[in-house]
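Fold and contact review
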Amino acid sequence: MLSRTADHLFWLSRYMERAENTARMLDVNYQTSLLPQSPAAAEQGWRSLLSISELTGPYQARWGEIEAERVKHFMVSDERNPSSILSCLREARENARAVRGTLTTEVWETTNQTWLEFKRMIADGLLKQDPAALCEWVKFRSHLSRGVTVGTMLQDEAFNFLRIGSFLERADNTARLLDVKFHALDAAAEPSGPGARDFYHWSAVLRSVSAFEVYRKVYSNVITPDKVAELLILRPDMPRSLAHCMARLLSNLKRVANNQSAETLRLAGRINADLEHASIDEILQPGLHVFLSQFLDRVGKLGVGISRDFLNPSV
């Protein structure tokens, strides 16, 4: 496959996944903001949202103080924010258009219609009228796009690059979400003991990755930070966990391996193996932030390797 085609497919899926992830976090933070809380707590929620996406600096450079309406606009419909939902859906559509002949009609039409409908809803003021409905719609369209891709695409190299992009972006987002939400915990303290975050906080974390019901089914007891971390890091049967994402990424990466991708495959294999054989106690002992920082660094290097070996082979 031509490297430029692989590049468009890879970024098509990454941008669609990023739009969904942003919608998930926005929806949960908006719902949480409706609960009784102090102004400081409300501001911290919106600040955390920017921090997860590493957008605190760009936001403050433009807007200064953290305000809910400004954050929502910045994260959803700001054309100058390359990570806003608007920008992500536009880029997903442009990448799909560039490889229109590689995609099935269903995949192209779903991506194109998502972009057109989103623009219309923003123009109609849905973000101000009902942010939750807008976020739910974005999540639904991402699910539809993913389902259409799996259900209609030939499972060849094009399909593999689409999946690689999705799982790389998802792993990165889950790790960032966990890192920000756990940052206030003392690594030396028992995560499930007194002083742990309250039920609503951890419920929001789980709901942001559609894991609330899954947690109840797996653990059947009160929500605790250590169990949340275990579910979202080590459970291979949890669709948005780090273990699941890396296993699927490695599987697809093997199918497109070439003569110069051995080091990238080795790195992906090491990350996957480390997750397969880790225990949550081992991860929490030195501190979750340390583990997640290392994971994000390794995933970043993996993305560079994928780009070098497949997308921009001349680099």
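A word on the overall build of the protein. Within the protein, the regular secondary structure consists of 16 helices and 0 strands. C-alpha extents for the protein along the principal axes are approximately 55 × 50 × 40 Å. Taking all contacts inside the protein whose residues are at least 6 apart in sequence as the whole, residues at least 24 apart take part in 66%. Summed over all atoms, the accessible surface of the protein reaches about 14600 Å², with 51% contributed by carbon and sulfur. When the 38 basic and 38 acidic side-chain charges of the protein are each reduced to a single mean position, those positions are 3 Å apart.

We now examine helix H1 (residues 3-33). For an α-helix the count is 3.6 residues per turn, leaving residues at separations of three or four pointing the same way. Helix length check: H1, at 31 residues, gives a terminal C-alpha distance of 44 Å against a target of 45 Å (1.5 Å per residue), a fit within 8%. Burial analysis of H1 places 24 of its 31 residues in the buried class, the great majority of the element.

Now for the side chain of Glu169. Its location among the elements puts Glu169 in helix H9 (residues 157-182). Contact partners of Glu169, with chain neighbours within four places excluded, come to Arg14, Glu17, Arg18 and Asn21.

Interaxial distance between H1 and helix H8 (residues 131-152) falls to 9 Å at its minimum, and their mutual angle equals 150°. Relative to H8, H1 is oriented roughly antiparallel. Considering only the axes of H1 and H8, their crossing is left-handed. Of the residues in H8, those in contact with Met16, Glu17, Ala19, Glu20, Ala23, Arg24, Leu26, Asp27, Tyr30 and Gln31 of H1 are Pro131, Ala132, Cys135, Glu136, Val138, Lys139, Ser142, His143, Ser145 and Arg146. Along the lines of polarity and charge, the residues of the contact of H1 with H8 split into 9 nonpolar, 4 polar and 7 charged.

Cut-offs applied
- Residues numbered from 1 in each chain as written.
- Predicted model: local features only at pLDDT ≥ 70, side-chain atom pairs only at ≥ 80, totals over all residues.
- Heavy atoms only, no water.
- Helix = DSSP H or I, 4+ residues; strand = E, 2+ residues; numbered from the N terminus.
- Contact = heavy atoms within 4.5 Å.
- Areas by Shrake-Rupley, 256 points an atom, 1.4 Å probe, with all protein chains shown as cover.
- Lys, Arg positive; Asp, Glu negative; His and termini not counted.
- Charge placed at Lys NZ, Arg CZ, Asp CG, Glu CD.
- Expected span 1.5 Å × (residues − 1).
- Buried < 20%, exposed > 50% of the residue type's maximum accessible area, 1.4 Å probe, protein only.
- Axes fitted to C-alpha atoms, helices over the stretch in contact; angles between N-to-C directions.
- Parallel < 35°, antiparallel > 145°, perpendicular 65-115°, else oblique.
- Left-handed = near helix turned anticlockwise from the far one by under 90°.
- Nonpolar A, V, L, I, M, F, W, Y, C, P; charged D, E, K, R; others polar.

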